[in-house]
Each structure stands twice: as structure tokens, then as C-alpha cells.
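Spelled out, the chains give:
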Amino acid sequence: MMSDPSFADDIGLDVHLRTKLVRFWSYIKTAAIRIGNDILEIEGWSDANPARYWINYEYQGELNEIGGFPVTTTPRGGKERKYTIDLGSKYPGQ
């Protein structure tokens with residue numbers, strides 16, 4: 001977990017990585033990001049489940065921004081998606 005309560009003029013930032021144990025190894029199954037009052041949770045895909053996300057607990061909800069920062073989703077072929085949160089958009093040059 002990473003937490004910065006003073007991020008972006010004290011709106012705060014938290015990042016959680018949730019792992020899944022498989023026999024003798026583990027992998028990151030989900031990532032949860034909170035900026036201000038908004039929460040984005042992204043879960044990786046498998047052969048059985050496509051990639052999916054929740055924004056403020058709404059499954060596959062409209063995802064344009066989180067905490068006032070723009071979010072872009074880019075397909076990367078097949079089931080893969082790349083999610084980018086532009087943290088520099090609100091405070092350029094910092």
C-alpha cells in the first residue's frame with residue numbers, strides 16, 4: 001500500500017495492490033487507486049474473465065476522470081487494456 005494524504009492540495013492518494021497466491025507463487029490480481037473521494041479498482045484478465053474495472057463501486061461505469069485527473073483507456077490487443085491517469089494535468093511542471 002502507498003498513501004499520500006497531502007497529494008494534490010490534501011485531496012489524498014492511496015494505491016493498493018492485491019495479490020493472489022497460486023501454489024508457490026503469487027501475482028497482482030487487482031489494483032485499487034483512491035484520489036480524493038473517487039476509487040478506481042482494476043482487475044486483470046484471465047482466459048475465463050475479461051479485464052474489468054469498477055469506478056466508485058460501479059461496474060464498468062463511465063471512466064473519464066478520477067479525483068479530477070483525466071483517465072484514458074487504451075486497448076492493447078485481445079483482452080488487454082492500458083489505464084493511464086494523467087497526474088500532471090492539474091499541476092504541470094511539478
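Residues numbered from 1 in each chain as written. Predicted model: local features only at pLDDT ≥ 70, side-chain atom pairs only at ≥ 80, totals over all residues. Heavy atoms only, no water.

Draft legend 1. Expanded view of the sheet that holds strand 7 (residues 65–66). The sheet built from three strands is open, its strands ordered 7-8-9 with antiparallel pairing. Because the sheet does not close on itself, it has two edges, and the strands there are strand 7 and strand 9 (81–85). Bridge count for strand 8 (residues 69–75) against strand 9 is five bridges, and the pairing is antiparallel. The residue of strand 9 that forms the bridge with T74 is K82. (Pairing = 2+ DSSP bridges. Helix = DSSP H or I, 4+ residues; strand = E, 2+ residues; numbered from the N terminus.)

Draft legend 2. Broad picture of the layout of surface pockets. Of the volumes computed, that of the largest pocket is approximately 170 Å³. If you go around the largest pocket, the residues you meet are D14, H16, R18, A32, I33, R34, I39, E41, W54, N56 and Y57. If you list the elements that add at least two residues to the lining of the largest pocket, you get strand 2 (13–22), strand 3 (25–35) and strand 4 (38–43). (1 Å grid on protein atoms, 1.4 Å probe; cavity = no way out; pocket = protein on both sides within 12 Å on 5 of 7 lines; lining within 4 Å. Points joined across faces, edges and corners; volume = space filled by probe spheres on them.)

Draft legend 3. Molecular detail of the sheet that holds strand 1 (residues 2–4). Across the sheet, six strands lie side by side as 1-2-3-4-5-6; this open sheet has antiparallel pairing. Every other strand in the sheet has two partners, leaving strand 1 and strand 6 (58–59) as the edge strands with one partner each. Relative to strand 4, strand 3 runs antiparallel, the two being bridged by six bridges. Each residue of the ladder has a partner; that of R34, found in strand 4, is I39.

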